[in-house]
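Commentary on secondary and tertiary structure
Below are the chains, spelled out letter by letter.
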Amino acid sequence: YGLNHEAEAKMLRVAQDLAQSHAVEISPTLLAAHAVPAEYRHDPDAYLTLVCEQIMPALWAQRLFEAVDVFCENVGFTPAQTERVFQAASALGIPVKGHVEQLSNLGGAALVSRYKGLSADHIEYLDDAGVAAMAQNGTVAVLLPGAFYFLQERQRPPVAQLRKQGVPMAVATDYNPGTSPFASLHLAMNMACVQFGLTPEEAWAGVTRHAAQALGRGATHGQLAAGFVADFIVWDAERPVEMVYEPGRNPLYQRVFRGKIT
């Protein structure tokens, strides 16, 4: 993680370069408020001042990211600190999302929803009030079973309640070197079904239309439909369950990007 202006800008520019040089579409997010840098350990609010008044507006002016994320947790930032970032983002017209309810319930999901956030990620400790807030405001629940597995967590996200309230559930890898070193979306689909109880069809929706919705692209991506961007994968499989049943096999047959086979 960058945690300063120069490093955050560098990572976002790398993402931008990758999108320009490869047949892949990237949706970059600013997560400068992920942890408190060592030099701000005794004054985290001063670091948030740097994020809100310098890093965020400067990099947003350069169009280097599409949304702002905050790690609202007992080892991250408090709800009040998180809201400070959300207020600054909203003033600039930047969509927000949150890493929330991973290790405890601080009401982060409800806070994200109050700001019409795109998504609330992790959500293992999400309560009924948080689910209701997400359902009311259209915030997507992003399930990250790789982190759950790697950290040997025991508290599962409330999938049944999310399902009951009609909250869209996306599935992602959370690929990172610290807590989820898994790059395979195929594996994440398997874990979502085995560990969290999703059906194969829900896992498919989680990596297609609900994933697109979590990125603010639900009207243009994630579905095979007229008017949608023709980015999709053709798999060597006959039934949906095959994609979650055998994670060690690569069933890739063909990839289409912007309507062209790559």
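Preceding this section is the structure that the text describes.
These notes cover the structure that comes with them. None of these values were measured; they are calculated from a predicted model.

1. Focus: the overall build of the protein chain
In terms of helices and strands, the protein chain carries 11 helices and 9 strands. What you see for the protein chain is a C-alpha radius of gyration of 18 Å, in line with the 18 Å of a compact globule of 262 residues. With respect to the three principal axes, the spread of C-alpha positions in the protein chain is 55 × 40 × 30 Å. The proportion of buried residues among the 262 residues of the protein chain is 45%. Look at the contacts in the protein chain between residues 6 or more apart in sequence, and 61% of them connect residues 24 or more apart. With the model as given, the accessible surface of the protein chain reaches about 12900 Å², and the carbon-plus-sulfur share is 54%. Side-chain charges in the protein chain split into 19 positive and 26 negative, and the spacing between the mean points of these groups amounts to 4 Å.

2. Things to note about the nonpolar core
Core analysis: the biggest nonpolar cluster contains 54 residues, and Leu30, Met56 and Phe65 have the highest contact counts within it. No other element matches the 9 residues that helix α2 (residues 44–61) contributes to this core. Listed in part, the 5 residues of the second largest apolar core include Val140, Val142, Leu144 and Ala170.

3. Considering the sheet that holds strand β9 (residues 260–261)
The strand order β7-β8-β9 describes an open sheet built from 3 strands, whose pairing is antiparallel. In this open sheet, the two strands that pair with only one neighbour each are β7 (232–235) and β9. In this structure, β7 lies alongside strand β8 (residues 252–257), joined through 4 bridges in antiparallel fashion. For tryptophan 235, the partnering residue across the bridge sits in β8 and is leucine 252.

4. What about unusual backbone geometry?
The phi torsion at lysine 116 lies on the positive side, around 55 degrees, for a residue other than glycine. Residue aspartate 174 is not a glycine yet carries a positive backbone phi of 55 degrees. Here aspartate 174 lies in the loop between β6 (169–171) and α8 (185–196).

5. Considerations on the pattern of salt bridges
For the coordinates displayed, the defined rule picks out 8 salt bridges. One salt bridge in this structure joins arginine 217 and glutamate 66, with 2.4 Å as the shortest N-O distance. Highlighted residues: arginine 217 in the loop between α10 (209–214) and β7 and glutamate 66 in the loop between α2 and β2 (67–72), separated in sequence by 151 residues. Judged by relative accessible area, which is 15%, arginine 217 ranks as buried. Residue glutamate 66 is classed as partly exposed on the basis of its relative accessible area, which comes to 30%. Between glutamate 246 and arginine 249 there is a salt bridge, and its shortest N-O distance comes to 3.3 Å. Residue classification places glutamate 246 among the partly exposed positions, given a relative accessible area of 39%. Several salt bridges share partner residues, and in doing so they unite Glu25, Glu66, Arg217 and Arg258 into one network.

6. A closer look at the sheet that holds strand β4 (residues 119–122)
Pairing is parallel in the open sheet, where 6 strands are placed in the order β1-β2-β3-β4-β5-β6. The outermost strands of the open sheet, each flanked by one partner alone, are β1 (29–33) and β6. Here the strands of the sheet are splayed against their neighbours by 25 degrees on average, with no regard to which way each runs. Relative to β2, β1 runs parallel, the two sharing 3 bridges. Across the sheet, the residue bridging to alanine 33 is valine 70, located in β2.

Calculation rules
Residues numbered from 1 in each chain as written. Predicted model: local features only at pLDDT ≥ 70, side-chain atom pairs only at ≥ 80, totals over all residues. Heavy atoms only, no water. Helix = DSSP H or I, 4+ residues; strand = E, 2+ residues; numbered from the N terminus. Rg over C-alpha atoms; globule rule 2.2 N^0.38 Å. Buried < 20%, exposed > 50% of the residue type's maximum accessible area, 1.4 Å probe, protein only. Contact = heavy atoms within 4.5 Å. Areas by Shrake-Rupley, 256 points an atom, 1.4 Å probe, with all protein chains shown as cover. Lys, Arg positive; Asp, Glu negative; His and termini not counted. Charge placed at Lys NZ, Arg CZ, Asp CG, Glu CD. Core = buried A, V, L, I, M, F, W, Y, C linked by side-chain atoms within 4.5 Å. Pairing = 2+ DSSP bridges. Salt bridge = Lys/Arg side-chain N within 4 Å of Asp/Glu carboxyl O. Axes fitted to C-alpha atoms, helices over the stretch in contact; angles between N-to-C directions.

Such coordinate-based values are descriptive only and should not be taken to indicate function.
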